[in-house]
There are 2 protein chains.
Amino acid sequence: MPDYRYAARTRRMENPIIRQLLRLGHREGVISLAGGIPAAETFPVAEIAEASRRALERWGSRALQYSPTEGLAPLREYIARRRGVRPEQVIVTSGSQQGLDLVGRVFLDEGDEVLVESPTYMGALQAWNPYDPRYLEVATDADGLVPEDLPEVSPKLTYVLPNFQNPTGSMLPAERRELVAAWARKHDTLLVEDDPYGHLYFDEEPPASLQKLCPDRVVYLGTFSKIVAPGLRLGYAIGPDEIINRLAQAKQAADLHSQAFGQAILSELAEMGIIERQEELTRQLYRRRAELLLGYLEQHLPRQVSWSPPKGGMFVWLTLPEGIDTLKLFESAIERGVAYVPGPVFSATGGLASSLRLTFVSVPEEQMEEGVVRLAAVLKEALEGLD
Amino acid sequence: MPDYRYAARTRRMENPIIRQLLRLGHREGVISLAGGIPAAETFPVAEIAEASRRALERWGSRALQYSPTEGLAPLREYIARRRGVRPEQVIVTSGSQQGLDLVGRVFLDEGDEVLVESPTYMGALQAWNPYDPRYLEVATDADGLVPEDLPEVSPKLTYVLPNFQNPTGSMLPAERRELVAAWARKHDTLLVEDDPYGHLYFDEEPPASLQKLCPDRVVYLGTFSKIVAPGLRLGYAIGPDEIINRLAQAKQAADLHSQAFGQAILSELAEMGIIERQEELTRQLYRRRAELLLGYLEQHLPRQVSWSPPKGGMFVWLTLPEGIDTLKLFESAIERGVAYVPGPVFSATGGLASSLRLTFVSVPEEQMEEGVVRLAAVLKEALEGLD
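Residues numbered from 1 in each chain as written. Chains lettered and ligands numbered in written order. Predicted model: local features only at pLDDT ≥ 70, side-chain atom pairs only at ≥ 80, totals over all residues. Heavy atoms only, no water.

Participant: Explain the pairing of strand β3 (residues 113-118) of chain B to me, using residue names and the numbers behind them.
Facilitator: Residue and element names in this part refer to chain B. β3 sits mainly inside the fold: five of its six residues count as buried. As judged from the six bridges shared by β3 and strand β4 (residues 134-141), these two strands associate in the parallel manner. Counted as the bridge partner of L115 is L136 from β4. Running through helix α6 (residues 122-128), the crossover from β3 to the neighbouring parallel element β4 is right-handed. When β3 meets strand β6 (residues 157-160), the two strands line up parallel, connected through three bridges. Of the residues in β6, the one forming a bridge with V116 is Y159. (Buried < 20%, exposed > 50% of the residue type's maximum accessible area, 1.4 Å probe, protein only. Helix = DSSP H or I, 4+ residues; strand = E, 2+ residues; numbered from the N terminus. Pairing = 2+ DSSP bridges. Right-handed = clockwise from strand over helix to strand, strands pointing away.)

Participant: Describe the nonpolar core, and please don't skip the residues or the numbers.
Facilitator: In a soluble, globular protein the nonpolar side chains are often hidden away together inside. Core analysis: the largest hydrophobic core is formed by 268 residues, its most contacted members being W128(A), F261(A), W128(B) and F261(B). What F261(B) contacts, discounting residues up to four positions off in sequence, is I48(A), S52(A), G231(A), L232(A), F261(A), I265(A), S52(B), A55(B), L56(B), A63(B) and L64(B). (Core = buried A, V, L, I, M, F, W, Y, C linked by side-chain atoms within 4.5 Å. Contact = heavy atoms within 4.5 Å.)

Participant: Hey, could you go over the sheet that holds strand β13 (residues 355-359) of chain B for me, with residue numbers and the actual values?
Facilitator: Residue and element names in this part refer to chain B. Overall, antiparallel pairing links the three strands, which are arranged β10-β13-β12 in an open sheet. The sheet is open, and its two edges are formed by β10 (315-319) and β12 (341-342), each paired on a single side. As defined by bridge partners, β12 adjoins β13 across two bridges and the pair is classed as antiparallel. Residue pairing for β13: V341 is matched across the bridge by R357.

Participant: Summarise the relation of the copies chain B and chain A; cite the residues concerned and give the values.
Facilitator: The two copies are related by a screw motion: chain B maps onto chain A through a turn of 180 degrees and a shift of 0.0 Å along the axis, at an RMSD of 0.0 Å. The superposition operator between the copies reduces to a two-fold rotation axis. Within chain B, the C-alpha atom positioned nearest to the axis of rotation is that of S52(B), 3.6 Å from it. Of the interface residues in chain B, 100% have counterparts in chain A that sit at the interface too, so the contact is made through matching surfaces. (Least-squares fit on C-alpha atoms with pLDDT ≥ 70 in both.)

Participant: Go over the environment of Q97(B), please, and point to the residues and values.
Facilitator: Positionally, Q97(B) belongs in helix α5 (residues 95-107). In this structure, the C-alpha to C-alpha distance between Q97(B) and L75(B), residues 22 residues apart in sequence, is 19 Å. The residues contacting Q97(B), other than those within four sequence positions of it, are Q252(A), A253(A), A254(A), D255(A), L256(A), Y121(B), G123(B), A127(B) and R233(B).

Participant: Outline the side chain of S354(B), supporting the account with residue identities and numerical values.
Facilitator: Turning to its location among the elements, S354(B) is positioned in the loop between β12 and β13. Setting aside residues up to four positions removed in sequence, S354(B) forms contacts with L318(B), T319(B), L320(B), P321(B), E322(B), I324(B) and T326(B).

Participant: How would you sum up the environment of L191(A)? Please name residues and give values.
Facilitator: Residues and elements named next belong to chain A. Among the secondary structure elements, L191 is positioned in strand β7 (residues 190-194). The buried category is assigned to L191, whose relative accessible area is 0%. Measuring from C-alpha to C-alpha, the distance between L191 and V180 comes to 9.1 Å, with eleven residues separating the pair along the chain. Each residue touching L191, except ones within four places of it in the same chain, is listed here: T158, V160, V180, A184, L210, C214, R217, V218 and V219.

Participant: Pulling in residues and values, what's your account of the side chain of H300(B)?
Facilitator: Residues and elements named next belong to chain B. In this fold, H300 is placed in helix α11 (residues 274-300). Within the structure, the side chain of H300 is placed 2.7 Å from the side chain of E369, a separation counted as a polar contact. Those residues in contact with H300, other than ones at most four positions away along the chain, are E369, V372, V373, A376 and K380. (Polar contact = N/O pair within 3.5 Å; in protein donor to acceptor, adjacent residues only side chain to side chain.)

Participant: Go over unusual backbone geometry, please, and point to the residues and values.
Facilitator: With an omega dihedral of 0 degrees, the bond running from S118(A) to P119(A) counts as a cis peptide bond. Positionally, P119(A) belongs in the loop between β3 (113-118) and α6 (122-128). Its identity as a non-glycine residue notwithstanding, L256(A) has a phi of 70 degrees, on the positive side. With respect to the helices and strands, L256(A) occurs in the loop between α9 (241-255) and α10 (260-271). Positive phi outside glycine occurs at F164(B), with the angle close to 55 degrees. With respect to the secondary-structure elements, F164(B) resides in the loop between β6 and α7 (174-187).

Participant: Could you give an account of the pattern of salt bridges, naming the residues involved and the relevant values?
Facilitator: Residues and elements named next belong to chain A. Scanning all chains against the criterion turns up 58 salt bridges over all chains. Among the ionic pairs, R105 bridges to D101, the shortest N-O distance being 3.3 Å. Pair noted here: R105 and D101 are both in helix α5 (residues 95-107), with a separation of four residues, about one helical turn. When its relative accessible area of 1% is taken as the criterion, R105 is described as buried. With relative accessibility at 2%, the residue D101 sits in the buried group. (Salt bridge = Lys/Arg side-chain N within 4 Å of Asp/Glu carboxyl O.)

Participant: Before we move on, could you go through the packing of α11(B) against helix α13 (residues 365-386) of chain B and cite the residues and values that matter?
Facilitator: What describes two packed helices is the angle between their axes and the distance between those same axes. All names here are of chain B. Packing of α11 against α13 leaves a shortest axis separation of 9 Å and a crossing angle of 35 degrees. Where α11 crosses over α13, the two elements pack in a sense that is right-handed. Residues L285, R288, R289, L292, L293, Y296, L297, Q299 and H300 of α11 form the contact with α13, whose participating residues are E365, M368, E369, V372, V373, A376 and K380. A class-by-class count of the residues in the contact of α11 with α13 yields nine nonpolar, two polar and five charged. (Axes fitted to C-alpha atoms, helices over the stretch in contact; angles between N-to-C directions. Left-handed = near helix turned anticlockwise from the far one by under 90°. Nonpolar A, V, L, I, M, F, W, Y, C, P; charged D, E, K, R; others polar.)

Participant: I'd like a description of the interface of chain B and chain A, backed by residues and values.
Facilitator: Residue-level contacts link 72 residues of chain B with 72 residues of chain A. Both sides of the chain B and chain A interface together cover about 6800 Å² of buried area, and 55% of this is carbon and sulfur. At the boundary of chain B and chain A, one finds six salt bridges. Elements represented by at least two residues in the side of chain B that touches chain A include exactly α1 (8-12), α3 (45-59), α5, α6, α9 (241-255) and α10 (260-271) of chain B. Per element, the largest residue contribution to the side of chain B that touches chain A is nine residues, and it comes from α9(B). A breakdown of the residues in the side of chain B that touches chain A according to their chemical character gives 37 nonpolar, 19 polar and 16 charged. (Buried area = accessible area lost by both parts, 1.4 Å probe.)

Participant: Pulling in residues and values, what's your account of the sheet that holds β3(B)?
Facilitator: Residues and elements named next belong to chain B. The eight strands lie next to each other as β2-β9-β8-β7-β6-β3-β4-β5, forming an open sheet whose pairing is mixed. Whereas interior strands pair on both sides, the edge strands pair on one side only; in this sheet they are β2 (90-93) and β5 (144-145). Across the sheet, helix α4 (residues 73-83) lies against β2, β8 (218-223) and β9 (235-238), angled at about 120 degrees from β2, the strand it touches most.

Participant: Break down α4(B) for me, with residues and values.
Facilitator: Since there are 3.6 residues in each turn of an α-helix, residues three or four apart along the chain are aligned in direction. Within the span of α4(B), buried status applies to L75(B), R76(B), Y78(B), I79(B), A80(B) and R83(B). Those residues of α4(B) that are buried are in contact with β2, α8 (210-213), β8, β9, α10 and α11 of chain B.

Participant: Account for the pairing of β13(B), with residues named and values stated.
Facilitator: All names here are of chain B. Of all the five residues making up β13, five are buried; the element is thus mostly covered by neighbouring parts of the structure. Residues S355, R357 and T359 of β13 are buried on one face, and the alternating residues L356 and L358, pointing to the opposite face, are buried as well. Summarising the sheet, β10 and β13 pair through five bridges and their orientation is antiparallel. Of the residues in β13, the one forming a bridge with L318 is L356.

Participant: Lay out helix α7 (residues 174-186) of chain A in plain terms, naming residues and giving numbers.
Facilitator: Residue and element names in this part refer to chain A. Taking 1.5 Å per residue as the helical rise, α7 with its 13 residues ought to reach 18 Å, and the 19 Å between its terminal C-alpha atoms agrees with that figure. Of the positions making up α7, those classed as buried are R176, R177, V180, A181, W183 and A184. Projected down its long axis, α7 carries its buried residues within an arc of 165 degrees, all on one side. Exposed side chains of α7 directed beyond 90 degrees from the buried face belong to E175 and K186. Elements in contact with the buried residues of α7: β3, β4 (134-141), β5 (144-145), β6 (157-160), β7 and α8 (210-213). After α7 finishes, the residue D188 shows a positive phi value of roughly 50 degrees. (Expected span 1.5 Å × (residues − 1). Arc of directions from axis to C-beta.)

Participant: Give me the lowdown on the packing of aromatic side chains, citing residues and values where you can.
Facilitator: Within the structure shown, the criterion is met by 17 aromatic pairs over all chains. Centre to centre, the rings of Y197(A) and F315(A) are 5.9 Å apart; their planes meet at 90 degrees, and the pair counts as edge-to-face. Here F315(A) lies in strand β10 (residues 315-319) and Y197(A) lies in the loop between β7 and α8, a separation of 118 residues in the sequence. As far as burial versus exposure is concerned, Y197(A) and F315(A) are alike and both buried. Ring pairing ties together the aromatic residues Y4(A), Y6(A) and F107(B), which thus form one cluster. (Phe/Tyr/Trp six-rings, centres within 6.5 Å; stacked < 30°, edge-to-face > 60°.)

This is how it looks when you write it as structure tokens:
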């Protein structure tokens, strides 16, 4: 076997922790509260079958040919209408993961500063690590990013998840959004507003997006993965025309365009009114499951564990007393038959050892309580070890 | 509008020539011999409708959920069976353009040497330019890459299109493949074997792939775009397990995985025997169109223009006397109502001014002769200008 000569960036792509976690988490008999995927029972299988038929009937071979890098016109128009922008401001991406990657490609030179929340979504770090940026962190609390903690620097990118953040579930209130927007203008930074969960509110719709507040300073990332189906791998980025053109150039080199058939299917689903219906159905299901999980946490977890009830999305973030290491604890949790995601996975700088993320979305309801009971046992034992 | 602070690589993504060409080429009344896309009338629309139905029936929501980065098992197995490798050696990509990008990501540091054929496929240059390599060129003739011209250096990547090359249509004979493989071993280079057209032979199937000859030194790129439909955006890379693992890491950061629904559809099409049938149908159609175009070229082009009849694929490469500049000539061609692709587009170093590429695949048969007549007029005028 030759010694293959990889690029330097390839080493930065390695993530042994996550790979290890994924392997362990799939062990038989383990109740996984670790998932980051939507509940498959929400996927509109029959409607997608119907939309596929309609798409091929209406579009014929055009749904199967090479298509514009920016996306199929009716889908761009639908997205633009929903988000209150012009279609030229929209580019369809292969999931919002590709949106993150394209933003990294187009903006990040080695050593550039990227400001992220602490904690933040690990997929963004994975997308940007190959471009070798320098991460700065801003604190969050139960209401998301803490504006007073925004630094007096000018990061190239500032990454914010205002709606039902992954992993904390927090929602950034309107006043904080104004402060973030003002700070971005003053410090000449580009906001990357990642919004996979905005439609998944339990009671109130989230306030106006950062994009609405400062449209020329925001790349907004959206996705159909959490509302229709991740397997279609379709999301979108919205931004100023100039930036969308740059993202399109980068996308042309990366994969020419996103799959056309799926775009035609989504256009049909939109016309059939299925997408809005999905949003409503998914909200209802997730609200019920969140209530269930929160009830069990209340009932079973030791009182030293704290969390803020999420107002939407897919996750709850647990905070334990300092000294608990959720990464070290993970193996004994697996042995007891429960999986979660340890806090350090969501840290750009390696902290957050005493936190962990749970989902209420993809765990079967009848297993949820047992999962929490097992988790409680693990945590109790660890807390006793602290004394 | 703020001055957006792009990465240095973003400038290297610009390709004003190609963008300009694309714009001009779509003008009304222009007969385009410039296309690089398959004939849409070959796409199995009804069969894809049926396969979509079957995929959702069999897989249900699993065809719509997040799925493994490496690809769905039955599709990987099908590809492995067809190519005579193990499924672990296969990763499904978002078209073979993504295969090129992932190879660049995983292997190319700034300034690394990449050896390409002259001429070569422009999409590979587009994929790799952001990684800022240094291109070296190896000459080609009517039988493809000229082994005697292979340099005494050790490029990180060596990019070869052995079957019905884009743009020349040439096919690399078995003896030359042996020489290329021996050279790669001796010079410790990784061969990137790009094979979108291998199934599109007119008479004889191509000889054994470079991958067969030196499996541990080759990343082989294949695609379903030319046989089933490009709109599904599904291709694959095959290589040593270690390299496939690295490509999977890079792909996870880039788009998590390729669309699952399309992979399930392809698996159904494979089981229904449609893919092999498509290969046969497409071969027959393209052979007929190649014969047609070659006949018209023979009949109408000035005798100073030369070409080698392709044995498969989608393209013919015309060579004109030195002094003709096909890039400069392009605008007057468009004015006369015919489009081709100028030679320099296929050069890593800016040469090839007196060559051009024609396709026989996507031009309507009833327009083909008129297209050639218009092209002949443009070339005659240019040749007269030379005297």
